[in-house]
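Fold and geometry: a report
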Amino acid sequence: MKFLILKYLISAAIITFVSEIAKRLDRVGALIASLPLVTLLVLVWLYIEGQPTEKISNHAWYTFWYVLPTLPMFAAFPFLMKHFGFWLTLALSMLITLICFVIVALLARKIGVALI
């Protein structure tokens, strides 16, 4: 239970840190946010918790494939924000990501990678 609380505290601290930096320094906040901090933390937590190396490796492998469909959203978000406001832009961004995810999953399946 103590370890679970520690995981929550460290994870929350990183998110809070990045959002506070982003308030003051756009580029630095974006740079830190673009780092795979969550994935690295998950890999560390899995390792510390004694998960098999295959499970840890699979997590990194599938994270690679799941990150790909999110990239177009980051490119579209600034454009959409100028025209639609924050909440609609957020919804459209999620829709873009979902559509891109389906496309990536179908393409990945053709090369033998099952994402869904």
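Structure first, text after, so check above.
Here's a quick rundown of the structure. What you see is a predicted model, and the numbers here were worked out from it, not measured in a lab.

Some points on the overall build of the protein chain
- Within the protein chain one finds six helices and zero strands.
- Seen along its three principal axes, the alpha-carbon backbone of the protein chain occupies a region of about 50 × 45 × 25 Å.
- Looking at the protein chain residue by residue over its 116 residues, the buried ones come to 23%.
- Only carbon and sulfur atoms are counted for the fraction: they give 76% of the accessible area of the protein chain, which is about 8700 Å².
- Charge centroids of the protein chain, computed over 9 positive and 4 negative side chains, lie 6 Å from each other.

A short note on the nonpolar core
- One finds Trp65, Phe101, Val104, Ala105, Ala108, Val113 and Leu115 forming the largest nonpolar core, which totals seven residues.
- Residue contributions to this core peak at four residues, all from helix α6 (residues 86–110).
- Apart from residues no more than four positions distant in its own chain, Phe101 is found in contact with Tyr66, Pro69, Leu115 and Ile116.

Quick look at the packing of aromatic side chains
- Under the counting rule described, the total for this entry stands at eight aromatic pairs.
- Summarising the aromatic geometry, the rings of Phe3 and Trp45 are spaced 5.5 Å apart at their centres and angled 90° between planes, so their arrangement reads as edge-to-face. In this pair, Phe3 is assigned in helix α1 (residues 2–24) and Trp45 in helix α3 (residues 37–48), connecting sequence segments 42 residues apart.
- A connected cluster of aromatic rings, assembled from ring pairs, spans Trp61, Phe64 and Trp65.

Some words on the environment of Lys7
- With respect to the helices and strands, the residue Lys7 is situated in helix α1.
- A relative accessible area of 17% places Lys7 in the buried class.
- For the pair Lys7 and Val42, spaced 35 residues apart in the sequence, the C-alpha separation amounts to 9.5 Å.
- When near neighbours in sequence (up to four residues on either side) are disregarded, Lys7 contacts Trp45 and Glu49.

About the thresholds
- Residues numbered from 1 in each chain as written.
- Predicted model: local features only at pLDDT ≥ 70, side-chain atom pairs only at ≥ 80, totals over all residues.
- Heavy atoms only, no water.
- Helix = DSSP H or I, 4+ residues; strand = E, 2+ residues; numbered from the N terminus.
- Buried < 20%, exposed > 50% of the residue type's maximum accessible area, 1.4 Å probe, protein only.
- Areas by Shrake-Rupley, 256 points an atom, 1.4 Å probe, with all protein chains shown as cover.
- Lys, Arg positive; Asp, Glu negative; His and termini not counted.
- Charge placed at Lys NZ, Arg CZ, Asp CG, Glu CD.
- Core = buried A, V, L, I, M, F, W, Y, C linked by side-chain atoms within 4.5 Å.
- Contact = heavy atoms within 4.5 Å.
- Phe/Tyr/Trp six-rings, centres within 6.5 Å; stacked < 30°, edge-to-face > 60°.

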